Amino acid sequence: ISSLVFSHLPFPFTQHARSRNYVSESDVCKLESVPLDFGDYHPLKPITVTESKTKKMSRKGSTSSTSSSSSSSMMDPLSSVLDGTDPLSLFAAAADPLTTDGVRKKRDKDDSSALGSDFEQWSSKRGEILARYTTTEKLSINLYMGSEKGKATTSGSAVSEKVRTRLEELDDLEEGSQKELLNLTQQDYMNRIEELNQSLKDAWSSDQKVKALKIVIQCSKLLSDTTVIQFYPSKFVLITDILDTFGKLVYERILSMCMDNRVSLSDNFSPETVNDTAKETCLNWFFKIASIRELIPRFYVEAAILKCNKFLSKTGISECLPRLTSVIRGIGDPLVAVYARAYLCRVGMEVAPQLKESLNKNFFDFLLTFKQIHGDTVQNQLVVQCVEIPLYLTLYSPAIDWILQCIAYRAPEILLTEMMERCKKLGNNALLLNSIMSAFRAEFIAARSMDFIGMIKECDESGFPKHLLFRSLGLNLALADPPENDHLQILNEAWKVITKLKNPQDYINCAEVWVEYTCRHFTKREVNTVLADVIKHMTPDRAFEDAYPQLQSIIQKVITYINDFSLLFSVEKFLPFLDMFQKESVRVEVCKCIMESFIKHQQESTKDPVILNALLHICKTMHDSVNALTLEDEKRLLAALINGFIKMVSFGRDFEQQLSFYVEARSMFCNLEPVLVQLIHSVNQLAMETRKVMRGNHSRKTAAFVRACVAFCFITIPSLSSIFTRLNLYLHSGQVALANQCLSQADAFFKAAVSLVPEVPKMISIDGKMRPSDAFLLEFLCNFFSTLLVVPDHPEQGVLFLVRGLLNVIQDYTWEDNSDDKVRIYTNVLHLLSAMTQETYIYHVDKVDSNDTLYGGDSKFLAEISKLCETVIAQILDHLKTLGKEETLKRQSQLALYFFNTILAHGDLRNNKLNQLSVNLWNLAQKHGFADTKTMVKTLEYIKRRSKQPDMSHFTDLALRLPLQSRT
């Protein structure tokens, strides 16, 4: 068979190319439209379901009767799942006795009192406290050393002996089984606390419950130590982490003892469902804790297991909270006491958020003892530790803020009024006033803005600066609007205080907040005034270098509220404000933020010179930040932002101005390849639009402009690094030039593409990974062939000079040994050459005479095409011959069938030699059993169908000559 295939050379393929009538072929391929009568059916109408019911007869009867009923209601097959009747739902309902209506109502009631997602959890504040309250002073800690007493007790000891041993272990804590570590750094201290936390877990897991309790007691004692007072809030966070761990371990231990009741206990269980063993264990823990001698550890440990009261009685928690609140009154140090109240409020909110009375009582008790802060004891302590009163007062903030947050959670507005009155009675204490503004809903605060401003004015500034109060007020006004009549007065009162601040950091912290209020409620004049004031305060001594985060925040707020960029850039001080960002990384981030806002909010294209000049400067800043160390992802992001800007620029019908803008952009953004690609695409689009709009008018001027666009592309493409980007842009730009009748320029693009093909590497980088380039080259060449069909020959270059040049390049290109892409390309060339022999080509370019018009079917032209065909077919058959080895037979089969399909589609099979060649290729494809049987069957069926069409009777004879061979 192979010898028959390869014996038909030379063979004039094009002399026997099938004549094509593309219009009639298109009509034949169209789907036949058949009228469809839907009747009453519509896909959105309810479906009528017929339900068949079969009634079985008695065992003696062998027949059954079937009755049918129709239902007009739509029955959803998934509805059984949604209404809970699926097998899993039924199983769950049968297994859980708590799914009764009564219990569901109870759960709903309990859930209504639970904390919602709008409550800010303590865990979110933990990191901020640890970062804010630090120290460089040395710290000390007492470590539990363990005890050897009672360890020799045998398993046969009496219960009384075991109890006595445990009591001795508790007493041992008071007898000095501790080691004091001195001169610890803050990090060492935190590491030791973490070691204690781990020791607690290890002791618990090894069933040393008393040891675990002693560790917790020891850690709780640390909360009475205020020798390094500025570290106390962080110490409180670290120690209460251990208390939380202990409370959770105890609760889960007791809960696990209830599992033998076959009742799935949850947070909503009642004490009646708890067995006696669990209750006894729970009472035992409370008795142990009650035996702790010192007040502070006894309070903290009992508060840690407060939730365990649920195992004993329904009213246990509600009874314990007031008692523990009263216990705190015995703590003399006001700082220690306020954090104890904060911890009690915290555990109270976790287990019983509906019990608000104890929360209020804690806060009111704190107010009664607040005067202790100015007492001799505290003042003497501050003198010894060299701590100023303003710094000392800030130590109270986390505790007071938390207590007030718990109180204000979903509280009525009248409670805020009561709090304000109590604050006034204390002389408008700034610390309390700040916490109140931080805790209550912003809507409540905003509605009373002028009242709060009045209270702020009367505050004593020595202990807590007024600018911090105005900052807190500004944070609320950023979330809620005050009465409209008060807008200007509020801004004036606040800015009077802010602008007088001498410390740049204090100033910018307040100004950052109030900029948002100004942007929300005022015009560009007020915004400009505020920006000017910021520049005035932050420029001296380059203070802005220490305030980049706040300055960035100001920019973000301004562009958030001023979306009209013509208005934004008319704010006189906006661009000078940007000049304060001297650090390149920060400046680039700000520019990115501005460009993102522009792309997001700019709905229409613009030619406003103010916007263009400003954004060109901003984009230039981003572009100039690119260097050899810039990550590819960052480059892509910057290029996307710049491209978004370029796409939004339009000068309407002023095409020359548009091109001038693109030329300027090219010179400014030459280091970002995606931007250059976008500019080339934009210029090509501009050339097409110009031709469309100016058709028939000023033809010389239009042609000159189009040539300028073409020149822009031709000059820019070589600067790109990606070879396939260059190839595709050469092809695209050549197509645009051809569409604009710039034939010589189109030839130049196509020649450049041809000359670039040999430079295509074997492997290219795709998304950071090396991939073979063959598939990409094959795709490009197929597109190129489609274009070459309509490209007219140059009168001085000879017939088909571009096709010949491309074939030479393909022939000389070094292909992979195991690749058949070269032959597939040659086969596609046959498609092109066959189309070139038609009297009228399948498509044309408007106002461009292709070779079908230039040559008019001239015999010399067809002879040249025939020669090319002979050369190409020779290459194909030679390659098929080289694939005769055993390891390449499958590839030979596939290529033979591919070539067969080409002849079938484009050749005139009435020619005997061509007909025989196709039969030989068909047999070669099946010879070694590698042909896909389904494909061969479908191909043969297609041939038989084609034989029934007019002028296709010769396909009948061909079908008879194409046998289907089995693989056996």
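Owing to the predicted nature of the structure, the values given are computational and were not obtained by experimental measurement.

1. Remarks on the overall build of the protein
Stage number 1. In terms of helices and strands, the protein carries 46 helices and 6 strands.
Stage number 2. Within the protein, the fraction of its 968 residues that count as buried is 48%.
Stage number 3. Long-range contacts, defined as pairs at least 24 residues apart, comprise 73% of the intrachain contacts of the protein with a sequence gap of at least 6.
Stage number 4. Surface summary for the protein: the accessible area is close to 49900 Å², and the carbon and sulfur share equals 52%.

2. Notes on the packing of aromatic side chains
Stage number 1. For the structure shown, the criterion picks out 42 aromatic pairs.
Stage number 2. For the ring pair Phe-236 and Tyr-343, a centre distance of 6.5 Å and an interplane angle of 85° mean the geometry is edge-to-face. Of the two residues, Phe-236 sits in helix H10 (residues 232-256) while Tyr-343 sits in helix H14 (residues 334-351), which places them 107 residues apart along the sequence. An identical accessibility class is assigned to Phe-236 and Tyr-343; each is buried.
Stage number 3. On the numbers, 6.1 Å between centres and 20° between planes, the contact of Tyr-548 with Phe-581 is stacked. Linking Tyr-548 in helix H27 (residues 548-561) with Phe-581 in the loop between helix H29 (574-578) and helix H30 (584-601), this pair joins segments that are 33 residues apart in sequence.

3. Description of unusual backbone geometry
Stage number 1. Positive phi, close to 65°, is recorded for Asp-207, a residue that is not glycine.
Stage number 2. With respect to the helices, strands and loops of the structure, Asp-207 is situated in the loop between helix H8 (186-205) and helix H9 (209-221).

4. Digging into the pairing of strand E6 (residues 769-772)
Side chains on a regular strand alternate between the two faces of the sheet.
Stage number 1. Pairing geometry for strand E5 (residues 763-766) and E6, over 4 bridges, is antiparallel. Bridging from a neighbouring strand, Met-763 pairs with Pro-772 of E6.
Stage number 2. Adjacent in sequence and paired antiparallel, E5 and E6 are bridged by 2 residues, among which Asp-767 carries a positive phi angle near 55°.

5. Examining the confidence of the model for the protein
Stage number 1. Model confidence for the protein is summarised by a mean pLDDT of 84, while 83% of its residues fall at 70 or above.
Stage number 2. Confidence drops under a pLDDT of 50 for residues 79-84, and excluding neighbours within four residues, the segment shows 5 contacts in the predicted structure.
Stage number 3. Across residues 145-159, where pLDDT falls below 50, the model places 11 contacts with residues more than four positions away in sequence or in other chains.

6. Remarks on the nonpolar core
Stage number 1. Core analysis: the largest hydrophobic core is formed by 308 residues, its most contacted members being Trp-514, Val-534 and Phe-645.
Stage number 2. When residues no more than four places from it in sequence are discounted, the contact partners of Val-534 are Tyr-507, Ile-508, Ala-511, Leu-551, Ile-554, Phe-577 and Met-580.

7. Quick notes on the packing of helix H38 (residues 774-788) against helix H40 (residues 821-836)
Stage number 1. It is at 10 Å that the axes of H38 and H40 come closest, and there the two elements cross at 10°. If you check the angle between H38 and H40, you find them roughly parallel. Contact with H38, carried on its side by Asp-774, Ala-775, Leu-778, Leu-781, Cys-782, Phe-785 and Leu-788, involves Asp-821, Ile-825, Asn-828, Val-829, Leu-832 and Met-836 of H40 and no other residues of that element.
Stage number 2. Tallied by class, residues from the contact of H38 with H40 come to 10 nonpolar, 1 polar and 2 charged.

8. Some points on the packing of helix H24 (residues 487-498) against helix H25 (residues 504-521)
Stage number 1. Look at H24 against H25: their axes get within 11 Å of each other, and the N-to-C directions meet at 165°. Between H24 and H25, the interaxial angle falls into the category roughly antiparallel. Here the hand of the crossing between H24 and H25 comes out left-handed. Only Tyr-507, Cys-510, Ala-511, Trp-514, Tyr-517, Thr-518 and His-521 of H25 make contact with H24, whose side of the interface consists of His-487, Ile-490, Leu-491, Ala-494, Trp-495 and Ile-498.
Stage number 2. Grouping the amino acids of the contact of H24 with H25 by side-chain chemistry returns 10 nonpolar, 3 polar and no charged.

9. Notes on helix H15 (residues 356-369)
Stage number 1. Along its 14 residues, H15 runs 20 Å from first to last C-alpha, staying within 8% of the 20 Å computed at 1.5 Å per residue.
Stage number 2. Looking only at H15, the buried set comprises Ser-358, Leu-359, Asn-360, Asn-362, Phe-363, Phe-364, Asp-365, Phe-366 and Leu-367.
Stage number 3. Elements in contact with the buried residues of H15: helix H13 (316-327), H14, helix H18 (397-408), helix H19 (413-425) and helix H20 (430-439).

10. Brief notes about the pattern of salt bridges
Stage number 1. Within this structure, the stated rule accounts for 31 salt bridges.
Stage number 2. For Glu-120, the salt bridge identified is with Lys-125, shortest N-O distance 3.5 Å.
Stage number 3. We classify Lys-125 as buried; its relative accessible area is 17%.
Stage number 4. Of the charged contacts, one joins Arg-542 and Glu-545 as a salt bridge, the two residues approaching to 2.6 Å between their closest N and O atoms.
Stage number 5. Arg-542 sits in the partly exposed class, given a relative accessible area of 40%.

11. A few points about the environment of Met-952
Stage number 1. With respect to the element layout, Met-952 can be found in the loop between helix H45 (933-946) and helix H46 (954-960).
Stage number 2. The buried category is assigned to Met-952, whose relative accessible area is 10%.
Stage number 3. Linking Met-952 and Arg-910, residues 42 residues apart in sequence, is a C-alpha distance of 9.0 Å.
Stage number 4. Once you skip the residues sitting within four places of it in the chain, Met-952 turns out to touch Arg-18, Arg-946 and Ser-947.

12. Focus on the side chain of Glu-516
Stage number 1. Topologically, Glu-516 is positioned in helix H25.
Stage number 2. Glu-516 sits in the buried class, given a relative accessible area of 15%.
Stage number 3. With near-sequence residues (within four places) excluded, Glu-516 lies in contact with Ala-478, Lys-557 and Tyr-561.

13. Digging into the environment of Glu-413
Stage number 1. Summarising the element assignment, Glu-413 is placed in helix H19.
Stage number 2. Expressed as a C-alpha distance, the spacing of Glu-413 and Ile-445, which sit 32 residues apart in the sequence, is 9.5 Å.
Stage number 3. When neighbours within four sequence positions are excluded, Glu-413 is seen to be in contact with Phe-444 and Arg-448.
Stage number 4. There is a polar contact of 2.5 Å between the side chain of Glu-413 and the side chain of Arg-448.

14. Side note on H40
Stage number 1. Helix length check: H40 (16 residues) gives 23 Å between terminal C-alpha atoms against 22 Å at 1.5 Å per residue, within 8%.
Stage number 2. Most of H40 is tucked away: 14 of the 16 residues are buried.

Reading guide: rules and limits
Residues numbered from 1 in each chain as written. Predicted model: local features only at pLDDT ≥ 70, side-chain atom pairs only at ≥ 80, totals over all residues. Heavy atoms only, no water. Helix = DSSP H or I, 4+ residues; strand = E, 2+ residues; numbered from the N terminus. Buried < 20%, exposed > 50% of the residue type's maximum accessible area, 1.4 Å probe, protein only. Contact = heavy atoms within 4.5 Å. Areas by Shrake-Rupley, 256 points an atom, 1.4 Å probe, with all protein chains shown as cover. Phe/Tyr/Trp six-rings, centres within 6.5 Å; stacked < 30°, edge-to-face > 60°. Pairing = 2+ DSSP bridges. pLDDT = per-residue confidence, 0-100. Core = buried A, V, L, I, M, F, W, Y, C linked by side-chain atoms within 4.5 Å. Axes fitted to C-alpha atoms, helices over the stretch in contact; angles between N-to-C directions. Parallel < 35°, antiparallel > 145°, perpendicular 65-115°, else oblique. Nonpolar A, V, L, I, M, F, W, Y, C, P; charged D, E, K, R; others polar. Left-handed = near helix turned anticlockwise from the far one by under 90°. Expected span 1.5 Å × (residues − 1). Salt bridge = Lys/Arg side-chain N within 4 Å of Asp/Glu carboxyl O. Polar contact = N/O pair within 3.5 Å; in protein donor to acceptor, adjacent residues only side chain to side chain.

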